[in-house]
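Residue-level structural notes
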Amino acid sequence: MIRTAIIGAGGIAVKHAQAINRIPELDVAGVLDPNPERARVIADLCGSRPISSLDEVLGKIDMIYLLTPPSKRVAYAETAMRAGKHVLCEKPLAVSLEDACAIRDLAEQTGVLFMTAFNMRFRPGYRMLQDDVLSGRLGEIISVWSHRVGPGSGFGTPLGDSWRTDPDLVCGMAIASLSHDIDMFRGLGVEIEMVAARVQGVKPELPAFDNNAQVVLGLAGGRAGVINASWSAHLPTSSRGVVGTRGTALIRGDGFFDFVEHRIRNDEMEYPRSTWLNDLFDAESYYTENRHFADCVLQRVQPDVTADNGVEALRVSLAILDSSRTGQTVQIVRSSS
Ligand SMILES: NC(=O)c1ccc[n+]([C@@H]2O[C@H](COP(=O)([O-])OP(=O)(O)OC[C@H]3O[C@@H](n4cnc5c(N)ncnc54)[C@H](O)[C@@H]3O)[C@@H](O)[C@H]2O)c1
């Protein structure tokens, strides 16, 4: 049995609690949230109890779920890892590179298992695209794209109704959400070497809230990529794809993260081949992700997506913001972990 505590009992905690309920080896010893009602909701959902501090259960658990707003992770991560507890941490890993590297370095020093929960890695549609690339079916990558726009945080909802638009906690779309796109590209085996970006926020009353980004990415090996993302578009639509030397493949849907079609054609195919998917935002990926980490804990092996993946995604997000601020192209300089 793996015993865990859930820290942060908001929207994403519902997805994780539902997933935990389907994994017989997982048991929740306590749920921590400054909002007692939220702690109670999640505790009831997974047959647990609210707690008022991590110390209350630290001696009884094997791991934590770290599901707080991104700026509120470091102290919990340090307490847990110094006590030898494994961590499943939501994305983005942190909002500053200093915090993200501190978390990663401590994970490596303590030898605990640490997963940055980039659930897109576990989406069936994304895995089809990844397989197209990694199998060589598309040849060498020439370019990649992620186009996804729609009504997101702060669109038609009052500012301050969640950490995403709370002036004290806001980190904007480039950090909070582009982390997914960046990590999806990295999961295809491409390294981002430079960015040129323009980032915009359309809420003058909340200047730190960027909710639009147009990004050109220079990838290792002379390759290139683009990200076009908006949280303030009136129509939702998305498409991600790869142009390769032997073929092209894409996944697309309505909504930022819905995949309803996978389509491919390569030089061995006379016609494109479409596969219709029911890979919607709230579907199975949280279960698959949780199952993966539970198996890693049971077998003592590092997960497919580590703290370092969180650091590298954040590094690119910060470069995007820097490029937009300065009007300059920004080179990505990786730190060794
Ligand atoms: N992978 C995904 O698909 C996905 C989707 C949604 C959210 N997320 C991520 O999950 C994290 C949480 O997002 P959410 O949508 O659940 O937000 P939310 O606002 O619904 O919930 C956040 C919860 O954290 C609590 N909280 C605030 N400060 C805290 C603290 N110091 N200690 C403990 N709890 C605290 C809040 O009271 C709230 O209940 C974010 O990092 C977000 O990016 C990931």
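Model, not experiment: these values are computed from the prediction.

This brings us to the overall build of the protein chain. Along the backbone of the protein chain there are 9 helices and 15 strands. In terms of overall size, the protein chain behaves like a compact globule, its C-alpha atoms giving a radius of gyration of 20 Å where 337 residues would be expected to give roughly 20 Å. In terms of overall dimensions, the protein chain has a C-alpha envelope of 60 × 45 × 40 Å along the principal axes. Taking all 337 residues of the protein chain together, the buried fraction comes to 54%. Within the protein chain, contacts between residues at least 6 apart in sequence are counted, and of these 67% link residues at least 24 apart. On the protein chain, roughly 14,100 Å² of surface is accessible, and the fraction owed to carbon and sulfur atoms is 51%. On the protein chain, the mean spot of the 34 positive side-chain charges and the mean spot of the 41 negative ones are 1 Å from each other.

Grouped together as the largest cluster of nonpolar side chains are 106 residues, with contacts concentrated most on Ile-6, Leu-178, Val-195 and Ile-320. Examining the composition of this core, we find that 8 residues originate from one element, helix α9 (residues 307-326), more than from any other. Summarising the domain contributions, this core has at least three residues from each of domain 1 (2-119 + 287-305) and domain 2 (121-281 + 314-331). In this view, Ile-320 contacts Ala-174, Leu-178, Ile-182, Val-195, Ala-197, Val-199 and Val-215; residues no more than four positions away in its chain are not counted.

Taken together, the 9 strands give an open sheet; going across it, the order is β14-β13-β12-β11-β7-β10-β9-β8-β15, and neighbouring strands pair in mixed fashion. The open sheet is flanked by β14 (273-279) and β15 (330-331), the only strands paired with a single partner. Examined bridge by bridge, strand β8 (residues 192-200) and strand β9 (residues 212-219) share 8 bridges and lie antiparallel to one another. Each bridged residue has a counterpart across the sheet, and for Ile-192 the counterpart in β9 is Leu-219.

Another aspect to go through is the sheet that holds strand β2 (residues 26-32). Hydrogen bonding along the main chain pairs the strands of a sheet, whether they run parallel or antiparallel. An order of β3-β2-β1-β4-β5-β6 is seen for the 6 strands of this open sheet, with the pairing classed as parallel. The open sheet is flanked by β3 (50-51) and β6 (114-117), the only strands paired with a single partner. Pairing between strand β4 (residues 63-66) and strand β5 (residues 86-90): 4 bridges, direction parallel. Within β5, the position partnered with Met-63 by the bridge is His-86. Contacting β1 (2-7), β2, β4, β5 and β6, helix α3 (residues 74-82) crosses the sheet at an angle of about 170 degrees to β4.

What follows covers the environment of Glu-140. With respect to the element layout, Glu-140 can be found in the loop between α5 (124-134) and β7 (141-151). Of the residues examined, Glu-140 reaches a relative accessible area of 55% and is grouped as exposed. Along the backbone, Glu-140 and Tyr-287 are 147 residues apart, and their C-alpha atoms lie at a distance of 32 Å. With residues near it in sequence (within four places) discarded, Glu-140 still touches Val-243, Gly-244 and Thr-245.

In this section: the packing of aromatic side chains. Aromatic ring pairs are defined here through the distance separating the ring centres and the angle between the ring planes. Under the counting rule described, the total for this entry stands at 2 aromatic pairs. Where Phe-256 meets Phe-257, the ring centres are 6.1 Å apart and the plane angle is 55 degrees; that geometry is what we call tilted. For Phe-256, a relative accessible area of 15% gives the class buried. Geometry around Tyr-287 places Arg-22 over its ring, the cationic atom sitting 4.1 Å from the centre.

Another aspect to go through is the site of the ligand. In the vicinity of the ligand there are 26 residues, among which Gly-11, Asp-33, Arg-73, Tyr-76 and Tyr-286 approach most closely. The side chain of Tyr-76 places a nitrogen or oxygen atom 2.6 Å from a nitrogen atom of the ligand. Summarising the interface, the protein chains cover 83% of the accessible area of the ligand, which totals 850 Å² for the free molecule. Along the lines of polarity and charge, the residues of the shell around the ligand split into 13 nonpolar, 6 polar and 7 charged. Summarising the domain contributions, the shell around the ligand has at least three residues from each of domain 1 (2-119 + 287-305) and domain 2 (121-281 + 314-331).

Further remarks concern the domain arrangement of the protein chain. How large an interface is tends to be reported as the accessible area lost when its parts come together. Per the domain assignment, the segments of the protein chain are domain 1 (2-119 + 287-305) and domain 2 (121-281 + 314-331). Contacts between the two partners involve 19 residues from domain 1 and, on the opposite side, 15 residues from domain 2. Summing both sides of the interface, domain 1 and domain 2 together bury roughly 1,600 Å²; the carbon and sulfur share of this comes to 69%. In terms of surface lost to domain 2, no three residues of domain 1 exceed Leu-97, Phe-118 and Asn-119, which account for 35% of the buried area on that side. Scanning the region where domain 1 abuts domain 2 turns up 4 residue pairs in polar contact (both at pLDDT 80 or more). Where the side of domain 1 that touches domain 2 is concerned, the elements lending two or more residues are α4 (97-110) and α8 (285-299).

Calculation notes
Residue numbering note: each chain is counted from 1, following its sequence as written. Note on the predicted model: pLDDT of at least 70 is required for a residue's local features to be given, and 80 or more for side-chain atom pairs to be given and counted; whole-chain, interface and lining totals, by contrast, use all residues. Side-chain metrics in this entry use all non-hydrogen atoms of the structure; hydrogen atoms and water are not considered. Elements are defined by DSSP. Helices are runs of H or I of four residues or more, strands are runs of E of two residues or more, and each kind is numbered from the N terminus. This radius of gyration counts C-alpha atoms alone. The globule rule is 2.2 Å times how many residues there are, raised to the power 0.38. When a residue's accessible area, from a 1.4 Å probe over protein chains only, is under 20% of the maximum for its type it is buried; when over 50% it is exposed; and in between it is partly exposed. Every residue pair with non-hydrogen atoms within 4.5 Å of one another is taken to be in contact. In short, Shrake-Rupley with a 1.4 Å probe defines the accessible areas, and a residue's cover is counted only from the protein chains shown. We count Lys and Arg on the positive side and Asp and Glu on the negative side, and we leave His and both chain ends out. Here the site of a charge means atom NZ of a Lys, CZ of an Arg, CG of an Asp or CD of a Glu. In these notes, a set of buried Ala, Val, Leu, Ile, Met, Phe, Trp, Tyr and Cys residues joined through side-chain atoms within 4.5 Å is what counts as a nonpolar core. A domain assignment, automatic or from a database, supplies the domain bounds used here. Any two strands with at least two DSSP-identified bridges between them are counted as paired. Only the stretch in contact is used when fitting a helix axis, every axis being a line fitted to C-alpha atoms; angles between N-to-C directions are given from 0 to 180 degrees. Each aromatic pair joins two rings of Phe, Tyr and Trp (for Trp, the six-membered one) with centres within 6.5 Å, and gets the label stacked for planes under 30 degrees apart, edge-to-face for over 60, and tilted for any other angle. Lysine NZ or arginine CZ positioned within 6 Å of the ring centre and within 35 degrees of the ring normal marks a charge as sitting over the ring. What makes a residue near a molecule or strand is one non-hydrogen atom of that residue sitting within 4 Å of it. Under this definition, polar contacts are N or O atom pairs within 3.5 Å; protein pairs additionally need one hydrogen-donor-capable and one acceptor-capable atom, and for neighbouring residues in sequence, both atoms have to be side-chain atoms. Lys, Arg, Asp and Glu make up the charged group, whereas Ala, Val, Leu, Ile, Met, Phe, Trp, Tyr, Cys and Pro make up the nonpolar group; the residues left over, Gly among them, are polar. The quantity reported as buried area is the accessible area (1.4 Å probe) lost by two parts once they are put together, taken as the sum for both.

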